[in-house]
Structures are given as structure tokens and as C-alpha cells.
Amino acid sequence: MKLLWQNALQHSYRNSSSMKILTSPAKSRGLCAGNAFILHRSKLESTETMDIDESFARLSEELRHLAEKDSIFEAHAEIAEDPMLREAIDAAIGTGLSVMEATDKACGDICAMFDELDDEYLQARKDDVKDVVARLKRILAGETERMQLPDYEHIILVAEEFYPSDLEALDLSRITGMVSEKGSTTSHVCIIAQTKGIPVLTGVCSCTTEISDGERTIIDAENSQVIISPDDAAETAVQTRMEA
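Residues numbered from 1 in each chain as written. Predicted model: local features only at pLDDT ≥ 70, side-chain atom pairs only at ≥ 80, totals over all residues. Heavy atoms only, no water.

Asker: Explain the state of the cysteines residue by residue, including any values.
Answerer: Under the defined criterion, the tally for this structure stands at zero disulfides. Just so you know, cysteine 111 is unpaired, no disulfide at all, and the nearest cysteine sulfur is the one on cysteine 107, 4.0 Å from it. (Disulfide = S-S within 2.5 Å.)

In C-alpha cells:
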């Protein structure tokens, strides 16, 4: 069946002027199809509107509340409550940076420490740090991030990178699959998605520019491929595999 699928794709690719295939060095599980929705993150204000002490308190409160529903956010709460993050921000503020600038610098410094670790799972935890810091910056700016999904029946979520908070803010019952340019299959967001039966493929270069909003997209995670604007032959091949 796998050989027939690959032959069908090769034949379709040679005979379709619009179909494109993107690949990933990662390998995962699952096969799905839907319409793409590109996740664009809103740009936060560069100045804070809330006191940093109050912001950290609210950050901890939010994450502890989320941790009651999903244990993965327990790790986020621990990051928020670890003195290392606050101390790194305070140190950066002491050099003359604004609170927002200091928060970005602290995040970069801590993530660089994770990059030096010789363990893929621990390296992937820097995504959790980024997610916690992004939530802190939204609180500091007095903003909330709410993503409105389009009215597609089956949605393929496309982003430069995914964080657990993205999934917390979305109706996952409407998400068929997820593809990103960055990230690791061992990241918490991949673990969350996979436990909910959502195929995820990471490391797909240029997916946010190659795929357009609303474009028909297939994720073949097992073969590390994303098929964009598939023709009839490719659609038939994927339907056959999904029904097998």
C-alpha cells in the first residue's frame, strides 16, 4: 500500500502544475487532509501596562489553573515560579533595558542554556520557556491572545512554531492536523496533539510561505510529507489509505 501511495504521488507531481510537496527530516504518525489556516501571532505592545510583580503573580495563577486540566502546564508553572526567570529579567533591567526588552533577553539567555544540553528531550523544553515568556509578555502588555478559527470543516494548522498555549486557546475538535517550520516531535505541544489523535509534522521549511490560507493540504506524517493543492490522483490515494 505504501508503494502504491508513493507511486501515485510521483505520477501526480509530474502531471500537476499546482501541486507541491514539502518534506521534513522528522517522522511522526498519522495521515490527514483539510484546508490550511496560517497562524499569525499578534504583535504585542513594546511597553508594559501592568506591574511586573503583579504580572508574575497572574502568570502563576493562570498556569496553575491550566495545570489542573493538563499536567503539561505544571511544568510551565514551575518555570514561571523558578527564581531563575525573574532574576534574569531583573538583571537585564539593571543594565538599562525596558521590562519587555529584559524579558526577551532573559528568554534568549535561558534558551541558549537549553541548547547546550546534549539531550533532545531537554533541548525541546526551551519551547516551554518561550511559551511561558510569551504569556508573561501578554500579561505585561495587558493583552489576551484569542485565535478565531475559520469555518473550514477540517483545519490544517500551519505555523512557524507551536506552543502548548496555542492548543489551550483553540477548539482542538476542529483541528485535523498541524505542520510547523520549527519544533521537535518530543516537544510538549506534539505530545498533547498526538494524544488527541492529531497528526503533527515539524521541521517543514517554508511551510508558512509555501502554503496559503484555505489551501487544500494533506499531511502524511509517516512519510514526512506535506502535499499542497493535491490533484485528484493524490486525493484518491490518501482517501484509500485512510479507509484501509
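Asker: Lay out the packing of helix H5 (residues 99-115) against helix H7 (residues 126-140) in plain terms, naming residues and giving numbers.
Answerer: At a minimum axis separation of 9 Å, H5 and H7 run at an interaxial angle of 175 degrees. Classified by the angle between their axes, H5 and H7 sit roughly antiparallel to one another. Residues Val99, Met100, Thr103, Asp104, Cys107, Ile110, Cys111, Phe114 and Asp115 of H5 form the contact with H7, whose own contacting residues are Lys126, Val129, Lys130, Val133, Leu136, Lys137 and Leu140. Looking at the contact of H5 with H7 residue by residue, the classes come out as 10 nonpolar, one polar and five charged. (Axes fitted to C-alpha atoms, helices over the stretch in contact; angles between N-to-C directions. Helix = DSSP H or I, 4+ residues; strand = E, 2+ residues; numbered from the N terminus. Parallel < 35°, antiparallel > 145°, perpendicular 65-115°, else oblique. Contact = heavy atoms within 4.5 Å. Nonpolar A, V, L, I, M, F, W, Y, C, P; charged D, E, K, R; others polar.)

Asker: Could you give an account of the sheet that holds strand S3 (residues 155-159), naming the residues involved and the relevant values?
Answerer: Pairing is mixed across the open sheet formed by seven strands, whose spatial order is S1-S7-S6-S2-S3-S4-S5. Both outer strands of the open sheet, strand S1 (20-23) and strand S5 (200-201), are each paired with one neighbouring strand and no more. By the bridge criterion, four bridges tie strand S6 (residues 216-220) to strand S7 (residues 225-228) in an arrangement that is antiparallel. For isoleucine 218, the partnering residue across the bridge sits in S7 and is isoleucine 227. Along the sheet face, helix H11 (residues 232-243) touches strand S2 (31-38) and S6 and points at about 45 degrees away from the line of S6. (Pairing = 2+ DSSP bridges.)

Asker: Mind laying out empty space enclosed by the protein, listing which residues take part and the relevant values?
Answerer: Inspection of the entire model under this criterion finds one cavity of 30 Å³ or more. In this structure, the largest cavity spans a volume of roughly 60 Å³. Around the largest cavity, the lining comprises 13 residues; the ones closest to its centre are Phe162, Ser187, Val189, Cys190 and Thr202. The set of elements that each furnish at least two residues to the lining of the largest cavity consists of strand S4 (175-180) and helix H9 (188-195). With three residues, the top contributor of residues to the lining of the largest cavity is H9. For the lining of the largest cavity, the per-class residue count stands at six nonpolar, five polar and two charged. (1 Å grid on protein atoms, 1.4 Å probe; cavity = no way out; pocket = protein on both sides within 12 Å on 5 of 7 lines; lining within 4 Å. Points joined across faces, edges and corners; volume = space filled by probe spheres on them.)

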